[in-house]
Amino acid sequence: MNDCLFCKIAAGQIPSTKVYEDEQVLAFRDIAPQAPVHVLVIPKKHVSGWYDAKDEDDALLAHMMRAAATVAKMENIVDSGFRVVSNCGADAQQTVKHLHLHVLGGRAMAGEMA
Ligand code: AMP
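Residues numbered from 1 in each chain as written. Predicted model: local features only at pLDDT ≥ 70, side-chain atom pairs only at ≥ 80, totals over all residues. Heavy atoms only, no water.

**Focus on the overall build of the protein chain**
Link 1 in the chain: Summing up its helical and strand segments, the protein chain has two helices and five strands in all.
Link 2 in the chain: Each helix and strand of the protein chain, placed in order from N terminus to C terminus, yields the pattern α-β-β-β-α-β-β.
Link 3 in the chain: For 114 residues, the compact-globule estimate of 2.2 N^0.38 gives 13 Å, and the C-alpha radius of gyration of the protein chain, at 13 Å, lies within 12% of that figure.
Link 4 in the chain: With the C-alpha coordinates of the protein chain rotated into their principal frame, the extents come out at 35 × 30 × 25 Å. (Helix = DSSP H or I, 4+ residues; strand = E, 2+ residues; numbered from the N terminus. Rg over C-alpha atoms; globule rule 2.2 N^0.38 Å.)

In structure tokens form, the structure reads like this:
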């Protein structure tokens, strides 16, 4: 998508600090981390949000979750624990309209969701 921030990051047009990449997803550090580990997992293909995903995206969505687990392992937060969050829509304060998972860890979290 032409004017999408995360599409530009996926295409390398905007720099990011890459943590993990494969043919389907890119994981990079959040620019405003909310925890010692705060990594975003995005599909390289543009999907606006969960509501926008199609049947044909099922494998991609599952792959994103597997990639989040891979990131947690790479960041050494599997034993301490981690949180995977995905904001969808205005009330959830989704600010970037390209599907993404937040992988958060490295500190004990309270009741907040992100
Ligand atoms: P959300 O609010 O759930 O849509 O999450 C969007 C996330 O993208 C926020 O946590 C931002 O800090 C993060 N973000 C925005 N721009 C960038 C960027 N250029 N590089 C890395 N993370 C970004």
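**Considering a nonpolar patch on the surface**
Link 1 in the chain: Where nonpolar side chains cluster on the molecular surface, the patch consists of M65, V78, F82 and V84 and spans about 310 Å² of accessible area.
Link 2 in the chain: With respect to the helices and strands, the residue V78 is situated in the loop between α2 (58–74) and β4 (82–85). (Patch = residues over 30% accessible without salt bridge, like charges linked within 9 Å, V, L, I, M, F, W, Y side chains within 5 Å. Areas by Shrake-Rupley, 256 points an atom, 1.4 Å probe, with all protein chains shown as cover. Salt bridge = Lys/Arg side-chain N within 4 Å of Asp/Glu carboxyl O.)

**Looking at the site of the ligand**
Link 1 in the chain: Close to the ligand lie 16 residues, the nearest being D30, N87, T95, H100 and H102.
Link 2 in the chain: A distance of 3.1 Å separates an oxygen atom of the ligand from a polar backbone atom of V96.
Link 3 in the chain: H102 is positioned with one of its side-chain polar atoms (N or O) 2.9 Å from an oxygen atom of the ligand.
Link 4 in the chain: Its free accessible area being 510 Å², the ligand has 83% of it covered by the protein chains.
Link 5 in the chain: If you list the elements that add at least two residues to the shell around the ligand, you get α1 (5–10) and β2 (25–29). (Near = heavy atom within 4 Å. Polar contact = N/O pair within 3.5 Å; in protein donor to acceptor, adjacent residues only side chain to side chain.)

Without other data, these values stay purely geometric and don't point to any function.
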